[in-house]
Amino acid sequence: MSSPTRGPRFVRRITQRFAGPEVEGGDVWDAIQLARHQDRPYPLDYIGMLMPDFEEIHGDRLHGDDAAIVAGIGRYHDRPVAVIGHQKGRDAKDRAYRNFGMPGPEGYRKGMRLMELAAKMRLPFIALIDTPGAFPGADAEERGQGGAIARSMLTMLRLPAPTVAVVIGEGSSGGALALGVADRVVMLENSTYSVISPEGGAAILWRDAGKAKLAAQAFKPTAANCYRWGVADAVVPEPHGGAHTNPEEAARQLDVYLTRTLRELDALSVADRRRIRRDRFRRIGAQRELPPDSSALMAQSAESPSGGAA
Amino acid sequence: MSSPTRGPRFVRRITQRFAGPEVEGGDVWDAIQLARHQDRPYPLDYIGMLMPDFEEIHGDRLHGDDAAIVAGIGRYHDRPVAVIGHQKGRDAKDRAYRNFGMPGPEGYRKGMRLMELAAKMRLPFIALIDTPGAFPGADAEERGQGGAIARSMLTMLRLPAPTVAVVIGEGSSGGALALGVADRVVMLENSTYSVISPEGGAAILWRDAGKAKLAAQAFKPTAANCYRWGVADAVVPEPHGGAHTNPEEAARQLDVYLTRTLRELDALSVADRRRIRRDRFRRIGAQRELPPDSSALMAQSAESPSGGAA
Amino acid sequence: MARRPISISIDRLRGRAPAQKPAKLPGDERSCPRCETHFSAQEFARNVGVCAACGHHFPLGARARLDHMADGGRWTPIGEELRAIDPLQFVDLQPYPERIRSAEAKGNTEALVCGELAISGQTCVAAIMDFGFLGGSMGSVVGERFARAADRAVELGCPLITVTSSGGARMQEGVLALMQMAKSIVSLDELNDAGLPFIVVLAHPTTGGVWASFASLGDITYAEPGALIAFSGPRVIEQTTREKLPSDFGLAERQLEHGHVDSVVDRRELPARLGSLLRILHQPPRPVPSLAGQLAANGSEGAARIARALPQLSRRLRDRVLGEGPQRGGQ
Amino acid sequence: MARRPISISIDRLRGRAPAQKPAKLPGDERSCPRCETHFSAQEFARNVGVCAACGHHFPLGARARLDHMADGGRWTPIGEELRAIDPLQFVDLQPYPERIRSAEAKGNTEALVCGELAISGQTCVAAIMDFGFLGGSMGSVVGERFARAADRAVELGCPLITVTSSGGARMQEGVLALMQMAKSIVSLDELNDAGLPFIVVLAHPTTGGVWASFASLGDITYAEPGALIAFSGPRVIEQTTREKLPSDFGLAERQLEHGHVDSVVDRRELPARLGSLLRILHQPPRPVPSLAGQLAANGSEGAARIARALPQLSRRLRDRVLGEGPQRGGQ
Ligand SMILES: [Zn+2]
Ligand SMILES: [Zn+2]
């Protein structure tokens, strides 16, 4: 059993359950620290705890193998499932090997190989999201980083079997969403999901990566908020103090959620799953719609934030 | 009109019509010279003559663009069709630019992009085959030359709309077949289709590339023979002396064949086309089958060369 | 058969150097950042923002692009009624509603303007980004307008064309902006099901979440000369990897070499090129085969007999059951 | 839950150096070309052709591989009745029929041996190449046996496993040999339709038309340590391009780095690894959903009512109409 080293216990429980008020100010920053805690379970930890048999695949059949993405077939409750995740490293050497969980196009294309197998065998597809973003490198760009992310989303959207995306740590930017176009998108209680990492956002908005705390407060990327905005369909509870304090319990909670959700999704037809999946993302967003006869710019009515609980 | 420079007239008519006896000995070598004649029309020549409007696509969205493969959408008899071909160069500079018609994996992957569009829009797919083989290079190998050829075949096999492959010059090795898994495979009268180029075969069998003539005589890769073996479904006549003596007439003959064949194939359902296409290649080969009770190695009966006219 | 040569070489497809910010000049005069030629606002408009002297491509507004592309400059807006709100109560150096207001004051209603139009007589739907509106950033309105444009293309059975110019997802809408990437992908999947072409024109700059979603999934992809096309911008890459990037990093011409673009097209030639492409792709709507005929073709006469007895089977059901939706292209 | 670690690093997956020809020794003794250890035929067989001292992988016959992989060494041949003929009357340095006869005299009937077997209790079909039979070259019999093996896997609803070792297409059958590449692809498409896994094990050497057809399309691809895997062999490449190749060009370990192989697996561990993989992939045959239920799920109650009235609709038709064939994996 590859259970991670335990870190120091976190005494403060910083995230409210999803019925409660949203986390504000400094607490958001604490949430981000918790989502990034170096002892937090990573995909291979959850896989080790939930899937006694797992066969990892390697390589994109084009250029290389990207260790920032792990992908494979696992035996889960006596059936094969396809599993993928962003894999950060825990110690310095492993972190470098995993490129800090920042995939290049090879990683997403390895993922598409797995999707192809999942499509052929009609395997449920489970994605575990935990990345500061896709790797920003000239080589990655020239091998089509943008297209790899886009095509990963499109391929995932078309899968015939149930798909579930779980944000287990930090889900930042298109590099996270590349694995997130699923029937159900859920977040662990202390995970975050954001358009960009706080540092990246601060560098753009304040032109100072040091203003990351401010950016975090502006983005408010907590699980509770994402649930409210309709970005997450559910929040999976973590053990008191965070998933790293008791990985087995975190895995057990995830197991409960996945089992129930796969059962629900299994009952649907391929066509229904596809329609539901499309509708889910088709609805996401917050905008207002002017009444047909309004004189353009000045109208303020018909506010229709279409986010919210799904 | 991009008609090629006319070469010296070929006075000897070397290829018998497909009802006649097969070409033997030195004549096979002459056939090979004719199939490779530097003034012979190339895909862009046929496209220019048959499709007044043509939009070429470039790039594999992964690594680069391969000029040894041309691919695009053309307007053919008032409908869009997808066209692809191996493109050799005519002068020294163009030949280098086109890499002598020897594609790397980028070329086949550009082709798969075209197949994807053809699949989505249900466009007929026309492949014009003319290559000494896929490029043998270390880089090409490391970017997956073998897998690119294999996947090109599989993708082509799955296309929903009619597919036609035409060997217009020399069709050698897997580099040719990569574009040849079609509903109908036809050869121009003076084209050749072979497991390997004569030089390549000689280097392997006689360990002397200079024995190319001997190899050609052994492979007998003429259109007439390929028709007899069931590898070609039809032989398209060329103008007297070869296609290069009158490219317009060669294009006209090809046009007649393509028009008739697409009409036939259009009448079938997607499922039927797929079944017919699979059956066509499933049947190719020549072997014998021992009777069930024969004592293994010695039996000689039940000879069943399954090639022949389809 | 007079027409442009078809044997396009990479060399001939090459474009020009990257754009820099135009210098401010007194009055309505502009100066080209590359060749320093001065020209008037009229000249600028006449050349659709391309320097007549050196071919440098200036940024161009979405409406000007639509006017230029559409036959007779006529197009019918789609989704204009959609406006941004501030779901996060977002404040960075300035509150988000203030940013929206000052962007709107410049004349556009959002960073994506969509319309129904004809190009060389071919009906199509266009979704054009405007870098002048908050850096062409993709927020909820951009996502919803794009989706409605795609819906309209499916209704009409015509191609969808997009011209992209964007800094990426709109920070001020947080994770909701990120989700618009996925939303745009859903629209492309609808186009796929309907068998309709998606044509992308990459203008300067196309970066971040726009490049990493619909912009990189064109069936045919053009780029304007000198356009920067990247997921991560050069500055971010240099800061992260400490590598020095080549001066043409991410530019359209280099992206062409790396296989990510089909052709670099001068903006002045774009309407003609698109017209020609649409003409080639045009497919008359196909007669939907009857269920009976299909089943018979599939080799099951018994079922075909049954199906012939079912005239009440709606076309929509038939399509779904047979897994063969209506195939349409062109207008 | 004792099991092998799942966090496999590239380093740990690395194998060993390429194979050279074993030196001939008096009697049945062999010498390892890498570490020069001598060992007897019994030792060789016990280690399935792997040097116990250094792990060097010798070539191994197809039957020995099947005996090793199959539970209890029991397997049922498929396609053994197929034999080569000489369709081209091919003569190079030796007439083709003579080549066949001397190859057959060594004990195998062709370069591909297929069988139905169980691995760790899981039914599967295996198609194993034999380099000892005309360099493992792919002719018509190889193609037809492969197709029959795939047919059998579809019949049984079980995975197809292949071990490849081949110089490529068989020259002596000319273009008919080339066509076997396409024929093998047809078989893979049948497996695809049936939703069955295709597992490839690349042994030394896997080159030419075999690598450029079924060998490179595995859902999961293992390679033996030191196996050369290439479309064009190193000699051809060096002659054509005049480039000097690295000493590990095309070897399994390097192919792993370049993303073309999932795992380099020691031959001695292969049965256990395959057994574990088959166990993971095992899917019980699914109940085929009723047409009525399917149509209802698709939201069309009217049609569902009709469909409920059609018990005579065969399962085969149902599958085709609904585009959802039976999904099976494992045995
Ligand atoms: Zn200028
Ligand atoms: Zn040894």
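This text follows the structure it describes.
The rules we used
Residues numbered from 1 in each chain as written. Chains lettered and ligands numbered in written order. Predicted model: local features only at pLDDT ≥ 70, side-chain atom pairs only at ≥ 80, totals over all residues. Heavy atoms only, no water. Helix = DSSP H or I, 4+ residues; strand = E, 2+ residues; numbered from the N terminus. Buried < 20%, exposed > 50% of the residue type's maximum accessible area, 1.4 Å probe, protein only. Axes fitted to C-alpha atoms, helices over the stretch in contact; angles between N-to-C directions. Parallel < 35°, antiparallel > 145°, perpendicular 65-115°, else oblique. Left-handed = near helix turned anticlockwise from the far one by under 90°. Contact = heavy atoms within 4.5 Å. Buried area = accessible area lost by both parts, 1.4 Å probe. Salt bridge = Lys/Arg side-chain N within 4 Å of Asp/Glu carboxyl O. Polar contact = N/O pair within 3.5 Å; in protein donor to acceptor, adjacent residues only side chain to side chain. Donors = N, O, S within 2.8 Å, 3.2 Å for Na, K, Ca; no water. Tetrahedral: all angles 85-135°; square planar, octahedral: opposite > 155°, others 65-115°. Phe/Tyr/Trp six-rings, centres within 6.5 Å; stacked < 30°, edge-to-face > 60°. Lys NZ or Arg CZ within 6 Å of the ring centre and 35° of its normal.

This part covers the environment of B:Arg95. Structurally, the position occupied by B:Arg95 is in helix 3 (residues 92–97). Here B:Arg95 falls in the partly exposed class, since its relative accessible area comes to 26%.

Once that is clear, we can look at the packing of helix 4 (residues 105–121) of chain A against helix 6 (residues 145–157) of chain A. Residues and elements named next belong to chain A. For the pair helix 4 and helix 6, the least separation of the axes is 9 Å and the interaxial angle reads 20 degrees. Between helix 4 and helix 6, the angle is such that the two are roughly parallel. Crossing handedness for the pair helix 4 and helix 6: left-handed. For the pair formed by helix 4 and helix 6, the contact residues are Pro105, Tyr108, Arg109, Met112 and Met115 on the first element and Gln145, Ala148, Ile149, Arg151, Ser152, Thr155 and Met156 on the second.

Taken together, the contact pairs 51 residues of chain B with 57 residues of chain D. Between chain B and chain D, roughly 5100 Å² of surface is buried when both sides are summed, and carbon and sulfur atoms account for 65% of that area. It is B:Glu142, B:Arg278 and B:Arg282 that lose the most area in chain B upon contact with chain D, and together they represent 15% of the buried surface on that side. In this assembly, chain B and chain D are joined by eight salt bridges. Salt-bridge contacts for B:Arg278 lead to D:Glu190; the nearest nitrogen and oxygen are separated by 3.0 Å. Where chain B touches chain D, the interface holds 22 residue pairs in polar contact (both at pLDDT 80 or more). Looking at the side of chain B that touches chain D, the elements that each hand over two or more residues are helix 5 (138–142), helix 6 (145–157), helix 7 (173–177), strand 7 (192–194), helix 8 (198–205), helix 9 (212–219), helix 12 (270–283) and strand 9 (287–289) of chain B. Looking at which element gives the most residues to the side of chain B that touches chain D, the answer is helix 6 of chain B, with nine residues.

Residue and element names in this part refer to chain C. Distances from the zinc ion (ligand 1) to its protein donors, namely Cys32 (SG), Cys35 (SG), Cys51 (SG) and Cys54 (SG), fall within the range 2.2 to 2.3 Å. Seen from the zinc ion (ligand 1), its four donor atoms lie at angles of 100 to 116 degrees, and the figure they make is tetrahedral. Sequence spacing among the residues donating to the zinc ion (ligand 1) works out to C-x2-C-x15-C-x2-C. With a gap of 19 residues between them, cysteine 35 in the loop between strand 2 (30–31) and strand 3 (38–39) and cysteine 54 in the loop between helix 2 (41–46) and helix 3 (62–69) connect regions that are remote in the sequence.

Moving on: the packing of aromatic side chains. Under the criterion given, the structure shown has 12 aromatic pairs over all chains. When the centroid spacing of 6.2 Å and the interplanar angle of 85 degrees are considered together, the rings of D:Phe146 and D:Phe198 count as edge-to-face. A residue pair is termed long-range when its members are at least 10 positions apart, and D:Phe146 in helix 5 (residues 140–156) and D:Phe198 in strand 9 (residues 198–207) qualify at 52 residues. Residues D:Phe146 and D:Phe198 agree in their burial class; the two are buried. Its end group placed over the ring of A:Phe281, A:Arg280 keeps NZ or CZ at 4.7 Å from the ring centre. Residue placement shows D:Arg30 over the ring face of D:Phe44; its charged tip is 3.9 Å from the ring centre.

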